[in-house]
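# Summary of structural features
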Amino acid sequence: MAAKTPEHINEDLLRPLSGTSARYWIVFGCLVAVVAAAIGAFGWQVYHGIGVAGIRRPVFWGFYITNFVFWIGLSHAGTLISAILRLANATWRRPITRCAEVITVFALLIGATFPVVHLGRPWLAFWLFPYPSERGIWPNIRSPLLWDFFAINTYLLGSVTFLLLPMIPDFALIRDRATGGKKKIYTALSLGWCGSPRQWHRLEKAMQIMAVAIIPVAVSVHSIVSWDFAMAPVPMWHSTIFAPYFVAGAIFSGIAALIIAMACLRKLLHLEEYLLPIHFENLGKLLLVMSLLWVYFVFAERLTTWYGNESSEMAVFWLTQTGSYSPLFWTMVTCNFLIPFPLLAIKKFRTITGCVIASIGIVIGMWLERFLIIVPSLSHKYLPYSWGTYRPTWVEITITVGTFAAMALLYMLFSKFVPIISVWELKWGQHQEPERDPVLLREDEEATA
Amino acid sequence: MAHQWGMVIDLDRCTGCEACVVACHAENNISTVGEDEAARGRAKHWIRVERYYEGEFPDVKTKFMPVLCQQCDAAPCEPVCPTFASYHTSEGLNGQVYNRCIGTRYCANACPYNVRFFNFYNPAWEKPLHLQLNPDVSVRSVGVMEKCTFCVQRIKAGEIQAAAEKRVVKDGEIQPACVQSCPTKAMVFGDLSDPQSEVSRLARSNRATKLLGELGTLPKVTYLQRDSWHGGEDS
């Protein structure tokens, strides 16, 4: 079999954009139903009051803030990984950068809804915006929530730009092959792209600038999310380790989400010849490093707390190690380390299936990690008289499930309108460095076999 | 110099009768939430009497400690509020502007004393109880945080009265509802910026201590430890 010609690539990667199967519509309908249920649950909460959620004194933050941290964390999949791989000039990155960047944008959009969903008076959320108002006050810049507001908006703006820039040549490609209304839309989206050397040069320059700029922004976002907790004098929150701990956890869960998304795309869009075992293998190695880093952070945090033996911190410490939250804690350790470590460390298991199993565990484990950071600390603050507990209600559970459905739904829609693998970057890679391109290499192996 | 309102609570005098709790509810229009909601931890008591037990049954001793907003000078609740609903007044009170509150509940998480209370639903009073609402205190809506104000409406009324009569506020003239209702006079309220006031004098007692003072929140409520805790005659 000869190397894939540009026509082949066009055909394979643009195929999902034309026509949808019955199966697609069934899955689509189910996801829409779940998302609608979640929106309905939020409407119910707005109508009756935030009391329909399970939060109570003293656990004033529960599932909603867990979801917020989880989804913002997941968003580090994309842009950060993709930017680092671009700067490191890792050629194998080409087919996966766009899948990763899309996760970032959608996970951020989902995560950013939670600061509004969890408000007691969500209809006043716009008071967080700095605008000259009749009330005569600006938002309080000392509040970490305001830092969040700016960090998340900056990251969203940056990652949307980072996603859109390399889509321009692909929009132009679709434009050239489309007719009618579709052509009009893609003409507008491709911003007059004609493929002149000057345009290519500018695109490359812009991508380089964005790749460098997005990394500090991504790091700052999850540091600031961690400071929502670390700035408050709450046992086990008030810790200097939180910012790097959160950033590492974010990248950890992000890579796991990317592997799951890639495995789904590979099966559903028949991209077996583009998303290769080598991609999973390489991401699996990265995931292994992050898993070890995560265990290191947890160990460092727990050891210093235990050795310090401060009474209010120890109350929370034992609550999670051996107390009522310990089943969740040890499930988290199992999901984030005990299962992924052998799967990813032993070469024989580091297959696509192995990586996906590890990744599913990690996504569950990282959600639990966010929950275990937030809830046990709040339930056991200083004065034992006002210790409390927390149970979510159906409203919070529905909204949580709805976010996962929303992610899948947005991803499905995106893959119908934009090639999920960057067509021009793939061709560019084959043209520039055919000897290093995994897609070509594999075909060479097949040809010689 | 601006007043610095403070309180002293003598734990030797507190009998745990909870008259302060009832008076506070009546004065400040604090709605009750019903049995089920209270069981879920959603009861609102701006002042509560914490009970701690010492010893094994049947030889048990109960220790009472009224806990209300400590009106900290370095209050963890204040900087975290994104809308300035929680802010420091010139008289050292932790103000809570209900109209500015959007309900992030960050202040309540940051408060080490757990003295902030959230309106999970709109408050309701069975008729005719709505007629006994205090017209000097605003009723809080759903989604809004609330807490002890040191009865700021009484403080303001006292200051306005004194200004109208062109005199200074007399020591003991202003009393929050809890202080006024305490049958054993366990609570004393006054101006900490006046070294001669009773509250200042008591705050200098060698029994004086601050609740969770090690956190550096600089509370303006001072507790007078039970002598029995120091092996006094009560023990």
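In this text, all values refer to a predicted model and were calculated from it rather than measured experimentally.

Secondary structure assignment for chain B yields six helices and 10 strands. Whereas a compact globule of 235 residues would reach a radius of gyration of roughly 18 Å, chain B reaches 18 Å, a difference of no more than 12%. Taken along the three principal axes of its C-alpha coordinates, chain B extends 50 × 50 × 35 Å. A separation of at least 24 residues holds for 61% of the contacts in chain B among residues at least 6 apart in sequence.

Here we take up the overall build of chain A. When you go through chain A residue by residue, the secondary structure sums to 18 helices and zero strands. The C-alpha atoms of chain A give a radius of gyration of 23 Å, which matches the 22 Å a tight globule of 449 residues would have. Dimensions along the principal axes, computed over C-alpha positions, put chain A at roughly 75 × 60 × 40 Å. Taking all 449 residues of chain A together, the buried fraction comes to 45%. A separation of at least 24 residues holds for 81% of the contacts in chain A among residues at least 6 apart in sequence.

Mapped onto the secondary structure, A:Met412 falls in helix H16 (residues 394-417). In this structure the C-alpha to C-alpha distance between A:Met412 and A:Glu369, which are 43 residues apart in sequence, comes to 28 Å.

Strand pairing in a sheet is mediated by backbone hydrogen bonds. Such pairs are either parallel or antiparallel. Residues and elements named next belong to chain B. The four strands lie next to each other as S8-S1-S10-S9, forming an open sheet whose pairing is mixed. Every other strand in the sheet has two partners, leaving strand S8 (187-191) and strand S9 (208-209) as the edge strands with one partner each. Two strands pair when backbone bridges link them, and strand S1 (residues 5-10) and S8 are joined in this way by five bridges, in the antiparallel orientation. Looking across to S8, one finds that Gly 6 is bridged to Gly 190.

Our next topic: unusual backbone geometry. All names here are of chain A. With an omega dihedral of 0°, the bond running from Arg 57 to Pro 58 counts as a cis peptide bond. With respect to the helices, strands and loops of the structure, Pro 58 is situated in the loop between helix H2 (22-48) and helix H3 (63-74). Positive phi, close to 55°, is recorded for His 270, a residue that is not glycine. Within the secondary structure, His 270 sits in the loop between helix H10 (242-268) and helix H11 (277-308). Owing to 12 C-beta atoms within 10 Å, His 270 belongs among the exposed residues under this scheme.

Tallying the contact residues gives 34 residues for chain A and 32 residues for chain B. A per-element tally of the side of chain A that touches chain B places helix H6 (residues 144-164) of chain A first, with three residues. Per-class residue counts for the side of chain A that touches chain B are 22 nonpolar, seven polar and five charged.

This part takes up the nonpolar core. A:Cys99, A:Ile103, A:Ile255, A:Leu258 and B:Met187 are the most contacted members of the largest nonpolar core, which totals 178 residues. Top element by residues in this core is H10(A). It accounts for 15 residues. Setting aside chain neighbours within four positions, we find B:Met187 in contact with B:Met7, B:Ile9, B:Cys20, B:Cys178, B:Val179 and B:Cys182.

Glancing now at the packing of H3(A) against helix H9 (residues 197-230) of chain A. Relative orientation and spacing of two packed helices are given, respectively, by the angle between their axes and the distance between those axes. All names here are of chain A. For the pair H3 and H9, interaxial distance at closest approach is 10 Å and the crossing angle is 165°. Taken together, H3 and H9 sit at an angle that is classed as roughly antiparallel. In the crossing of H3 with H9, the sense of the turn from one axis to the other is left-handed. Contact with H3, carried on its side by Val 69, Ile 72 and Gly 73, involves Val 221, His 222 and Val 225 of H9 and no other residues of that element. The residue inventory of the contact of H3 with H9, partitioned by class, reads four nonpolar, two polar and no charged.

Take the environment of B:Gly41 next. Among the structural elements, B:Gly41 can be located in the loop between helix H2 (35-39) and strand S2 (48-54). Every residue in contact with B:Gly41, bar those within four places of it in the chain, is listed here: A:Arg56, A:Arg57 and A:Gly388.

Here the focus is the pairing of strand S10 (residues 221-224) of chain B. For a regular strand, the rule is simple: side chains alternate between the two faces of the sheet. All names here are of chain B. What you see with S10 is no split at all: Val 221 and Tyr 223 on one side and Thr 222 and Leu 224 on the other are buried throughout. In this structure, S1 lies alongside S10, joined through four bridges in parallel fashion. Paired with Val 8 across the strands is Thr 222, a residue of S10. Here two bridges tie S9 to S10, and the two strands are oriented antiparallel to one another. In the sheet register, Ala 208 faces S10, and the bridge partner there is Leu 224.

Residue and element names in this part refer to chain A. Between the first and last C-alpha of H9 there are 49 Å, a value that for 34 residues agrees with the 50 Å anticipated at 1.5 Å per step. Bending of H9 peaks at approximately 25° at the position of Ile 214, with proline Pro 216 no more than four residues after it. Within the sequence span of H9, burial applies to Met 210, Ile 214, Val 217, Ala 218, Val 221, His 222, Ile 224, Val 225, Ser 226, Asp 228 and Phe 229.

Turning our attention to H16(A). All names here are of chain A. Along its 24 residues, H16 runs 34 Å from first to last C-alpha, staying within 8% of the 34 Å computed at 1.5 Å per residue. Along H16, the residues classified as buried are Val 395, Glu 396, Ile 399, Gly 402, Thr 403, Ala 406, Met 407 and Ser 415. Its buried side turned inward, H16 meets H2, H3, helix H5 (97-117) and H10.

Residues and elements named next belong to chain B. Note that S2 and strand S3 (residues 61-67) share seven bridges and pair antiparallel. When the bridges of S3 are listed, Tyr 53 appears paired with Thr 62. The turn linking S2 back onto S3 is made up of six residues, and Gly 55 within it adopts a positive phi angle of 90°.

Time to look at the environment of A:Ile399. All names here are of chain A. Among the secondary structure elements, Ile 399 is positioned in helix H16. In this structure, the C-alpha to C-alpha distance between Ile 399 and Thr 20, residues 379 residues apart in sequence, is 28 Å. Setting aside its immediate chain neighbours within four residues, Ile 399 contacts Ala 38, Ala 41, Phe 42 and Val 117.

A separate point is the confidence of the model for chain B. Here chain B averages 92 in pLDDT, and 96% of its residues register 70 or above. The complex prediction reports pTM at 0.93, with the ipTM value standing at 0.91.

Definitions and limits used
Residues numbered from 1 in each chain as written. Chains lettered and ligands numbered in written order. Predicted model: local features only at pLDDT ≥ 70, side-chain atom pairs only at ≥ 80, totals over all residues. Helix = DSSP H or I, 4+ residues; strand = E, 2+ residues; numbered from the N terminus. Rg over C-alpha atoms; globule rule 2.2 N^0.38 Å. Contact = placed C-beta atoms within 7 Å. Buried ≥ 20, exposed ≤ 12 C-beta atoms within 10 Å, placed from the backbone. Pairing = 2+ DSSP bridges. Nonpolar A, V, L, I, M, F, W, Y, C, P; charged D, E, K, R; others polar. Core = buried A, V, L, I, M, F, W, Y, C linked by C-beta atoms within 7 Å. Axes fitted to C-alpha atoms, helices over the stretch in contact; angles between N-to-C directions. Parallel < 35°, antiparallel > 145°, perpendicular 65-115°, else oblique. Left-handed = near helix turned anticlockwise from the far one by under 90°. Expected span 1.5 Å × (residues − 1). Bend = angle between axes of the 7 residues up to and from the residue. pLDDT = per-residue confidence, 0-100.

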